[in-house]
Amino acid sequence: GAHQLFEDKKVRLDGIVISEPEDVTLENLVEERDLEVKVTLNVNQGMIHLNSTDNIIFLEDTRDINGHIVILGRLPDINHAITGIVYDPDPNYNGSDVLTIDIDDMTNGLGRAVTLVTKTIDLTIDALSDAPIVKALTPNDGALTFDGVDDHVSIADDPSLDLNTMTVEFWVYQNSLSDDTAL
């Protein structure tokens, strides 16, 4: 099934392991530590962060913490690198993405036949409401000021404001701190 996460939140993708059961056998005298594999990881709407970069080589001008990574190394080192990789969606992105994993066994094993395998992991990124931004305003930074006497509204002189196309809307709620508090 799809991995589900929230926008702007990283997720660790556990359970990704590459194995070569047909190449690692007593008959062909190949051990797992001898197998070299090339792995391509790709997402379109975020970044991938490897668990480790020890003993692996980055190919095709790629690097860790990127949306497209191509690595080469011995099978145990590759598995260590991709175990628990972290997917970090693009800022404010919500929707779907796919982690595509292409595995090339580099003609390992007795048969010497190249085996290319592609696996995908669906990712669903749910929207998350962004927290409001609170900023203290002063009359000198373009804020509206109310005179409190005759309902006049003053707007500080600001060259970035186009007063010909301005619309002002506001709501007044009675302050519940005390009965004699001015609005």
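Structural notes, computed from the coordinates. (Residues numbered from 1 in each chain as written. Predicted model: local features only at pLDDT ≥ 70, side-chain atom pairs only at ≥ 80, totals over all residues. Heavy atoms only, no water.)

1. Concerning unusual backbone geometry
Phi is positive for Asp-8, which is not a glycine, with a value near 65°. Structurally, Asp-8 can be placed in the loop between strand E1 (3–6) and strand E2 (11–13). Classification of Asp-8 by relative accessible area gives partly exposed; the value is 35%. Phi angles above zero are rare outside glycine, and Asn-55 is one such case at about 60°. Inspection of the secondary structure assignment puts Asn-55 in the loop between strand E4 (46–49) and strand E5 (57–58). According to the relative accessible area criterion, Asn-55 is exposed, its value standing at 60%. (Helix = DSSP H or I, 4+ residues; strand = E, 2+ residues; numbered from the N terminus. Buried < 20%, exposed > 50% of the residue type's maximum accessible area, 1.4 Å probe, protein only.)

2. Some remarks on the sheet that holds strand E8 (residues 95–104)
The strand order E1-E9-E8-E3-E6-E5 describes an open sheet built from 6 strands, whose pairing is mixed. Two strands bound the open sheet, and with one partner strand each, they are E1 and E5. Two strands pair when backbone bridges link them, and E8 and strand E9 (residues 116–126) are joined in this way by 10 bridges, in the antiparallel orientation. Bridge assignment links Asp-97 to a residue of E9, and that residue is Leu-123. Running at roughly 145° to strand E6 (residues 68–74), helix H1 (residues 75–82) makes contact with strand E3 (36–42) and E6 of the sheet. (Pairing = 2+ DSSP bridges. Contact = heavy atoms within 4.5 Å. Axes fitted to C-alpha atoms, helices over the stretch in contact; angles between N-to-C directions.)

From the geometry alone we can't say anything about function, so treat these as descriptive.
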